[in-house]
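Residue strings, one per chain:
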Amino acid sequence: DTKLVNETSCTQEGTKPHSVVETVKVSDTEFAMTMKMSIDSPERKMTTTQTIKQTFVGKTCSAAASATAK
């Protein structure tokens, strides 16, 4: 598939955290991830959204390149 959505909600002592993580395959070498998180508590409400895009070196390379210490 080209899209994966993972949603989590719960209630703990009056606080309601909620998160949605959406991962989309852009191409064979690239994907985008959007993370939306919100917290609703008696003291405050907060919402954050973060989007990242990951591009791999090539179609057959999905791991980080090797590094050597100098």
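See the structure printed just above.
Analysis parameters
- Residues numbered from 1 in each chain as written.
- Predicted model: local features only at pLDDT ≥ 70, side-chain atom pairs only at ≥ 80, totals over all residues.
- Heavy atoms only, no water.
- Helix = DSSP H or I, 4+ residues; strand = E, 2+ residues; numbered from the N terminus.
- Buried < 20%, exposed > 50% of the residue type's maximum accessible area, 1.4 Å probe, protein only.
- Contact = heavy atoms within 4.5 Å.
- Areas by Shrake-Rupley, 256 points an atom, 1.4 Å probe, with all protein chains shown as cover.
- Pairing = 2+ DSSP bridges.
- Lys, Arg positive; Asp, Glu negative; His and termini not counted.
- Salt bridge = Lys/Arg side-chain N within 4 Å of Asp/Glu carboxyl O.
- Polar contact = N/O pair within 3.5 Å; in protein donor to acceptor, adjacent residues only side chain to side chain.

The helix and strand tally for the chain stands at 0 helices and 4 strands. Ordering the α and β elements of the chain from the N terminus gives β-β-β-β. Within the chain, the fraction of its 70 residues that count as buried is 7%. Residue pairs in contact within the chain that sit at least 24 positions apart in sequence constitute 19% of those at least 6 positions apart. Total accessible area on the chain is roughly 6,000 Å²; 51% of this is exposed by carbon and sulfur atoms.

Here the focus is the pairing of strand β4 (residues 45-55). By the bridge criterion, 11 bridges tie strand β3 (residues 30-40) to β4 in an arrangement that is antiparallel. Bridge pairing links Met 35 to Gln 50 in β4. Where β3 hands over to β4, the hairpin turn is made up of 4 residues, counted between the paired strands.

Positive phi, close to 50°, is recorded for Glu 13, a residue that is not glycine. Checked against the element boundaries, Glu 13 lands in the loop between β1 (3-9) and β2 (16-27). Taking relative accessible area as the criterion, Glu 13 reaches 82% and is therefore assigned exposed.

Residue placement: Glu 30 occurs in strand β3. The buried charged residue Glu 30 lacks any salt bridge partner; its closest oppositely charged side chain belongs to Lys 53, at an N-O distance of 4.4 Å. Looking at Glu 30, its side chain comes within polar contact range of the side chain of Thr 55, at 3.0 Å. Excluding residues that lie within four positions of it along the chain, Glu 30 makes contacts with Lys 25, Lys 53, Gln 54, Thr 55 and Phe 56.

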